[in-house]
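# Understanding the architecture of this molecule
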Amino acid sequence: MAGLKAGAPTPQALTVHEQSRVLEVGFSDGATFRIPFELMRVYSPSAEVQGHGPGQEVLQTGKRNVTLVNLEPVGNYAVKPTFSDGHDSGIFTWDYLYELGQKQDALWAQYTERLAAAGADRDAPMAAKGGAGGHACGGH
């Protein structure tokens, strides 16, 4: 897993806002981002969400009301959130949190385009996974 890029901004403050469902991250370069839990969840860097290669991303739905139940440090370079839907396999590096914060408008637009293209609704429950603990890697 890649660590921090040399000279990259590092978090100075992490605040979980449960009411508004955002993670507020203040970085050393003065930037502060309020990243919605839903955005973090649908763009989780885990294989469960990202797939095992380009084009294998799994479109996430039904995550509007997801909350953070835990936020665990990973070394000095990342955090591992546990979401209320049980998802806990994404490691969010400082670089990735910065990118999510900086590009969240474009990422929201991309997400809504993917939903529309799939004929899916943001609030639709996720389809059940096939098999015990497995996930489908076939198809499109």
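This write-up is about the structure you can find in this document.

Basis of the calculations
Positions within a chain are numbered from 1, following the residues in the order the chain's sequence is written. The predicted nature of this model means local features are confined to residues of pLDDT at least 70 and side-chain atom pairs, given and counted, to a pLDDT of 80 or more, with totals for whole chains, interfaces and linings taken over all residues. Note that the side-chain values use all heavy atoms of the structure and ignore hydrogens as well as water. For two strands to count as paired, DSSP must find a minimum of two bridges between them. Secondary structure counts use DSSP, requiring at least four H or I residues in a row for a helix and at least two E residues in a row for a strand, with both numbered from the N terminus. By salt bridge we mean one thing: a side-chain nitrogen of Lys or Arg within 4 Å of a carboxyl oxygen of Asp or Glu. Relative accessibility decides the category of a residue: with a 1.4 Å probe and only protein chains considered, values under 20% of the type maximum give buried, values over 50% give exposed, and everything between is partly exposed. For helices, the fitted axis covers only the stretch in contact; all axes are lines through C-alpha atoms, and the angles between them, taken along N-to-C directions, range from 0 to 180 degrees.

Looking now at the sheet that holds strand β6 (residues 92-93). As a general point, the strands of a sheet are linked pairwise by backbone hydrogen bonds and lie either parallel or antiparallel. The strand order across the open sheet formed by three strands is β4-β5-β6, and the pairing between neighbours is antiparallel. Edge positions in the sheet fall to β4 (68-74) and β6, since each of these pairs with one other strand and no more. For strand β5 (residues 78-83) and β6, the ladder comprises two bridges, and the chain directions are antiparallel. The partner of A78 across the bridge, within β6, is T93.

The two faces of the sheet receive side chains in turn, since in a regular strand these alternate between them. The pairing of β4 with β5 spans six bridges and is antiparallel. Bridge pairing in β5 links P73 to V79.

Here the focus is the pattern of salt bridges. Counting across every chain of the model gives seven salt bridges. In this structure, the salt-bridge partner of R41 is E48, at a minimum N-O distance of 4.0 Å. R41 sits in the buried class, given a relative accessible area of 2%. A relative accessible area of 28% means that E48 is categorised as partly exposed. Taken together, the shared-partner salt bridges in this structure form one network comprising R41, E48, K63 and D85.

Bringing the sheet that holds strand β2 (residues 22-27) into the picture now. With antiparallel pairing, the three strands of this open sheet are ordered in space as β1-β2-β3. The sheet is open, and its two edges are formed by β1 (11-17) and β3 (32-36), each paired on a single side. Each strand axis lies, on average, 15° off the axis of its neighbour in the sheet, ignoring direction. Pairing analysis gives six bridges linking β1 to β2, with the strands arranged antiparallel.

Coordinates in, geometry out; function isn't part of it.
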